[in-house]
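# Structural characterization, general
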Amino acid sequence: GENRNGDVSITVSTENKESNADNYTLATGSTSITVQPVVSSEIKVEKVQDGIEDEKMASIELNVVKADPSEKFESVLIKVASGVAVYYDNGTKLAMNLGDGSWLVPVKSDGTLPEIFFKGKEHLGGEIDFTATINAKDGEAKVTKELTGSVTITEVADGVTIDPTK
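What you see as residue numbers is a count from 1 along each chain, following the sequence as written. Where totals are concerned, whole chains, interfaces and linings use all residues; where local detail is concerned, this predicted model gives features only for residues with pLDDT of at least 70, and gives and counts side-chain atom pairs only at 80 or more. With hydrogens and water stripped out, all remaining heavy atoms of the structure feed into the side-chain values.

We now examine the overall build of the protein. Check the secondary structure of the protein and you find zero helices and 13 strands. Secondary structure follows DSSP: runs of H or I at least 4 residues long count as helices, runs of E at least 2 residues long count as strands, and numbering of each begins at the N terminus. Shown N-terminal to C-terminal, the secondary structure of the protein runs as helices and strands in the order β-β-β-β-β-β-β-β-β-β-β-β-β. Between the two quantities, the radius of gyration covers C-alpha atoms and the globule rule is 2.2 Å times the number of residues to the power 0.38. In terms of C-alpha radius of gyration, the protein reaches 26 Å, well past the compact-globule figure of 15 Å for 166 residues. In terms of overall dimensions, the protein has a C-alpha envelope of 110 × 35 × 25 Å along the principal axes. Contact definition: two residues touch when any of their heavy atoms are within 4.5 Å. Sequence separation of 24 or more characterises 59% of the internal contacts of the protein that already satisfy a separation of 6 or more. In the structure as shown, the protein presents an accessible area of about 10900 Å², 47% of it carried by carbon and sulfur atoms. Computed over 16 positive and 28 negative side-chain charges, the separation of the two mean positions in the protein equals 3 Å. Residue burial considers only the protein chains on display, and all accessible areas are found by Shrake-Rupley using a 1.4 Å probe. The charge count includes Lys and Arg as positive and Asp and Glu as negative, but it does not include His or the ends of the chains. Throughout, a charge is located at the NZ atom of Lys, the CZ atom of Arg, the CG atom of Asp or the CD atom of Glu.

Turning our attention to the sheet that holds strand 7 (residues 84–88). Two strands form a pair only when DSSP identifies at least two bridges running between them. The strand order across the open sheet built from five strands is 3-5-11-7-8, with neighbouring strands paired in antiparallel fashion. Both edges of this open sheet fall to strand 3 (42–49) and strand 8 (93–94), since each of them pairs with a single strand only.

Further remarks concern the sheet that holds strand 10 (residues 102–106). Across the sheet, six strands lie side by side as 4-13-12-6-10-9; this open sheet has mixed pairing. If you trace the sheet from one side to the other, it starts and ends with strand 4 (51–52) and strand 9 (96–99), each paired once. Bridge count for strand 4 against strand 13 (residues 141–154) is two bridges, and the pairing is parallel. Of the residues in strand 13, the one forming a bridge with Gly51 is Ile153.

In this section: unusual backbone geometry. At Asp54, a residue that is not glycine, the phi angle is positive and equals roughly 65°. Within the secondary structure layout, Asp54 lies in the loop between strand 4 and strand 5 (58–66). Positive phi outside glycine occurs at Asn90, with the angle close to 60°. Partly exposed describes any residue whose relative accessible area lies between the buried limit of under 20% and the exposed limit of over 50%, with all areas from a 1.4 Å probe on protein chains only and scaled to the type maximum. Residue classification places Asn90 among the exposed positions, given a relative accessible area of 64%.

Mapping Asp138 onto the fold places it in strand 12 (residues 126–138). With relative accessibility at 14%, the residue Asp138 sits in the buried group. Under this definition, polar contacts are N or O atom pairs within 3.5 Å; protein pairs additionally need one hydrogen-donor-capable and one acceptor-capable atom, and for neighbouring residues in sequence, both atoms have to be side-chain atoms. Of note is the side chain of Asp138, whose polar atom sits 2.9 Å from the side chain of Ser70.

As a further point, take the pattern of salt bridges. Between Lys or Arg on one side and Asp or Glu on the other, a salt bridge is scored when a side-chain nitrogen of the former is within 4 Å of a carboxyl oxygen of the latter. Inspection of the entire model under this criterion finds four salt bridges. Between Lys79 and Asp100 there is a salt bridge; the shortest N-O distance is 3.2 Å. Placement of the pair is Lys79 in strand 6 (residues 71–80) and Asp100 in the loop between strand 9 and strand 10, with a sequence separation of 21 residues. A residue is classified by how much of its surface remains accessible, and Lys79, at 36% relative accessible area, is partly exposed. Note on Asp100: relative accessible area 69%, which makes it exposed. A salt bridge links Lys93 to Asp89, with the shortest nitrogen-to-oxygen separation between them at 3.2 Å.

Counting through the fold element by element, Ser102 comes out in strand 10. Look at Ser102 and you get buried, because its relative accessible area is 12%. Note: C-alpha distance between Ser102 and Thr165 (63 residues apart in sequence) is 46 Å. When near neighbours in sequence (up to four residues on either side) are disregarded, Ser102 contacts Leu77, Ile78, Lys79, Met96 and Asn97. A polar atom in the side chain of Ser102 sits 3.5 Å from the side chain of Lys79.

Pasting the structure below:
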């Protein structure tokens, strides 16, 4: 069934009789497997807006299309190229920089997934790929779901400074 995880034992017994034989042969075998839990909520990455260098941040929403009520979202780990900073809370709060292009974003106070904002360093533009790992808890099990996407940041030409005295 759905939302099942943990250890499972499987035992198979078979009785075999060959043609023209008077006896039956019994064979039995068993094995155990572990079913790992995963985030079973359906989540889609939806682009909210593209960014413009020095003007507005690009942003995405992580929309839960079909929720699994047994799951509780805890955080979102964003992995993005060097030179891109990640924000949340309407773009007002900087996510926790974990180094190596990894940013930790908390869920909203009501437990829903946050809108995530991307800001490139000066002169950075183009399509920015990212990976979002949703961290959740299902009962006592920690579970994750990995999503990928991209945003676009349009670079803007900077003005020219002229010093006529040199």
